[in-house]
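So the chains spell out like this:
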Amino acid sequence: MGADKTEKKNKLTLWQRAFMRDQDWRKDELRTCIFWVVAAFSLATGFTFGLLGLRGLLCFIMYFAGVVVVPSMYWSNFLGIDEQDFGGKMEILNDSIGSGAAIFMLSWTGMYSLLYA
């Protein structure tokens, strides 16, 4: 009975591990975590750009630069993960970029339309 309690304490959820350094990650777990980081970044960026009334190609360029830089800083500086162990930066971000872009576009145009249309 005591071993079961110790085993449950040692098992951390994905979300608990997302805020801890030096954890062991499987490729699918890391990609899921990064997917949600990109989704949150995309939503926040879209709302911010919409609130500020920003328009044009420069917004896309800033977003796509940020969507590559912010998650890579998260996994390399915060989580302490070497991206080459998981196939490189684009392999980790592969699932996240398209969905993140859709979230960004919807939140950006929605907020802009709500405030300035």
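Going by the structure above, here's the rest.
The structure contained in this document is the topic of the report that follows. (Residues numbered from 1 in each chain as written. Predicted model: local features only at pLDDT ≥ 70, side-chain atom pairs only at ≥ 80, totals over all residues. Heavy atoms only, no water.)

### Observations concerning the overall build of the protein
- Counting secondary structure elements, the protein contains six helices and zero strands.
- Each helix and strand of the protein, ordered N terminal to C terminal, gives the series α-α-α-α-α-α.
- Computed over its C-alpha atoms, the radius of gyration of the protein comes to 17 Å, more than 25% above the 13 Å expected for a compact globule of 117 residues.
- Taking the principal axes of the C-alpha coordinates as reference, the protein spans close to 60 × 30 × 20 Å.
- Across the 117 residues that make up the protein, the buried fraction comes to 32%.
- Nonlocal contacts in the protein, meaning residues at least 24 apart in sequence, comprise 75% of its contacts between residues at least 6 apart.
- When the accessible area of the protein is evaluated, it comes to approximately 7,400 Å², of which 63% is carbon and sulfur surface.
- One finds the centroid of the 11 positive side-chain charges in the protein at a distance of 7 Å from the centroid of its 11 negative side-chain charges. (Helix = DSSP H or I, 4+ residues; strand = E, 2+ residues; numbered from the N terminus. Rg over C-alpha atoms; globule rule 2.2 N^0.38 Å. Buried < 20%, exposed > 50% of the residue type's maximum accessible area, 1.4 Å probe, protein only. Contact = heavy atoms within 4.5 Å. Areas by Shrake-Rupley, 256 points an atom, 1.4 Å probe, with all protein chains shown as cover. Lys, Arg positive; Asp, Glu negative; His and termini not counted. Charge placed at Lys NZ, Arg CZ, Asp CG, Glu CD.)

### Some thoughts on the nonpolar core
- Judged by nonpolar contacts, the single largest core of 21 residues is most densely connected at Trp25, Leu30, Ile34, Trp75, Leu79 and Ile81.
- Among the elements of the structure, helix 3 (27–52), helix 4 (57–78), helix 5 (89–93) and helix 6 (96–116) are those that each provide at least two residues to this core.
- Leave out the neighbours within four places in its chain, and tryptophan 75 touches Ile34, Gly80, Ile81, Glu83, Lys89, Ile92 and Leu93. (Core = buried A, V, L, I, M, F, W, Y, C linked by side-chain atoms within 4.5 Å.)

### Remarks on a nonpolar patch on the surface
- Taken together, the side chains of Leu51, Leu52, Leu114, Leu115 and Tyr116 make up a nonpolar region of the molecular surface, amounting to roughly 550 Å² of accessible area.
- Breaking the nonpolar patch down by element, the ones donating at least two residues are helix 3 and helix 6.
- Considering each element in turn, the nonpolar patch owes the most residues, three residues, to helix 6.
- With respect to the element layout, leucine 52 can be found in helix 3. (Patch = residues over 30% accessible without salt bridge, like charges linked within 9 Å, V, L, I, M, F, W, Y side chains within 5 Å. Salt bridge = Lys/Arg side-chain N within 4 Å of Asp/Glu carboxyl O.)

### Brief notes about the packing of helix 3 against helix 6
- Two elements in contact, helix 3 and helix 6, have axes whose closest approach is 7 Å; the angle formed by their N-to-C orientations is 20 degrees. Comparing the axis directions of helix 3 and helix 6 gives the class roughly parallel. The way helix 3 lies across helix 6 gives a crossing that is right-handed.
- When grouped by side-chain class, the residues that make up the contact of helix 3 with helix 6 number 16 nonpolar, eight polar and one charged. (Axes fitted to C-alpha atoms, helices over the stretch in contact; angles between N-to-C directions. Parallel < 35°, antiparallel > 145°, perpendicular 65-115°, else oblique. Left-handed = near helix turned anticlockwise from the far one by under 90°. Nonpolar A, V, L, I, M, F, W, Y, C, P; charged D, E, K, R; others polar.)

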